[in-house]
Amino acid sequence: MRIAVLDDDRSQTDLVCQVLGAAGHACHPFQRGRDMLNQLRRESFDMLIIDWQVPDLSGADVLAWAREKLAPNLPVLFMTSRSGEDDIVAGLAAGADDYMIKPIRRGELLARVQALLRRAYPSQNPVEQIQFGNFVFETRTGRLTVSGTPIEVTQKEFDLALLFFRNLGRPLSRAYILEAVWARDVEIPSRTMDTHVSRVRSKLQLRPEHGFRLAPVYSYGYRLEQITA
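Residues numbered from 1 in each chain as written. Predicted model: local features only at pLDDT ≥ 70, side-chain atom pairs only at ≥ 80, totals over all residues. Heavy atoms only, no water.

1. Topic: the nonpolar core
In a soluble, globular protein the nonpolar side chains are often hidden away together inside.
Then, number 1: Leu-48, Ile-49, Leu-109 and Val-113 are the most contacted members of the largest nonpolar core, which has 40 residues in total.
Then, number 2: Residues Phe-135, Leu-160, Leu-163 and Leu-224 belong to the second largest nonpolar core, which totals 30 residues. (Core = buried A, V, L, I, M, F, W, Y, C linked by side-chain atoms within 4.5 Å. Buried < 20%, exposed > 50% of the residue type's maximum accessible area, 1.4 Å probe, protein only.)

Right, dumping it as structure tokens:
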């Protein structure tokens, strides 16, 4: 998962990213609230971890913007040095899903993050077969069927199609897609992604007449939408 972390204390973001990175997540640290906000406008993230007290733009301000502009199921964990009940209640009332009181404990951090991710993205949990309507993805074998008919796809096309269905209706930035599907191979030409998207659209017939639209989002990335009759 792609997780953005905001804390003006670099040692804290280093600690959080070390824990999350060891668990296989991609962690993106920010020391300034405005820097995080600017990145949220351009990139997709699966979760936000926000320190409540950031000098230039408070965690509350970032959270308010995220709840207004981003996906409603985006999990947000806030960190605070204050253990007072009023501060915790204020954070949860502002839209945070959970909180942690500093100093951060590694095991607790990972447990809370994983719990929030499981709740927000139940279809991401490791199972061998995932179904979206007539589309069935067999994750162990990389086999994809539509209405029972096998579709010949490469592993990258399989991963890309599954990523879109798991995020149905959600705009995905090019950087997010690149990180999720191509992982460490970030030097691939931009055209490679477009070609793979085009192949997925064609092979799975993701067109309005078949109930889906896989379309570019200008200056951002792509989105798979379900079209209702």
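So much for the structure itself; the text now carries on.
2. Overview of the UniProt feature "modified residue: 4-aspartylphosphate" (unreviewed entry) in the chain
Then, number 1: With numbering aligned to this structure, UniProt lists the feature "modified residue: 4-aspartylphosphate" (unreviewed entry) at Asp-51.
Then, number 2: Along the chain, Asp-51 turns up in strand β3 (residues 47-51).
Then, number 3: Those residues in contact with Asp-51 that lie beyond four places of it in its chain are Leu-6, Asp-7, Asp-8, Gly-59, Met-79 and Lys-102. (UniProt positions renumbered as here; feature names shortened; annotations may be inferred. Helix = DSSP H or I, 4+ residues; strand = E, 2+ residues; numbered from the N terminus. Contact = heavy atoms within 4.5 Å.)

3. Some thoughts on the sheet that holds strand β9 (residues 149-151)
Then, number 1: If you walk across this open sheet you meet the four strands as β6-β7-β8-β9, and the pairing is antiparallel. Only two strands of the sheet have a single neighbouring strand rather than two, namely β6 (129-132) and β9. Across the sheet, the axes of successive neighbouring strands diverge by a mean angle of 25°, strand direction being ignored.
Then, number 2: As paired elements, strand β8 (residues 143-146) and β9 share three bridges and run antiparallel to each other. Paired with Val-146 across the bridge in β9 is Thr-149. (Pairing = 2+ DSSP bridges. Axes fitted to C-alpha atoms, helices over the stretch in contact; angles between N-to-C directions.)

4. Comments concerning the packing of helix α1 (residues 10-22) against helix α5 (residues 106-120)
The packing of two helices is summarised by the inter-axis angle and the distance between the axes.
Then, number 1: Where α1 contacts α5, the axes come no closer than 10 Å and their chain directions differ by 60°. Seen from above, α1 lies across α5 with right-handed handedness. Together, Leu-15, Val-16, Gln-18, Val-19 and Leu-20 of α1 and Arg-106, Leu-109, Leu-110 and Val-113 of α5 make up the contact between the two elements. (Left-handed = near helix turned anticlockwise from the far one by under 90°.)

5. Quick word on the sheet that holds strand β5 (residues 98-101)
Then, number 1: With parallel pairing, the five strands of this open sheet are ordered in space as β2-β1-β3-β4-β5. Looking at strand neighbours, the two that pair on one side only are β2 (26-30) and β5, the edges of this open sheet. Direction aside, the axes of adjacent strands within the sheet are offset by 20° on average.
Then, number 2: Pairing of strand β1 (residues 2-6) with β3 involves four bridges; the strand directions are parallel. Bridge pairing in β3 places Ala-4 opposite Leu-48.

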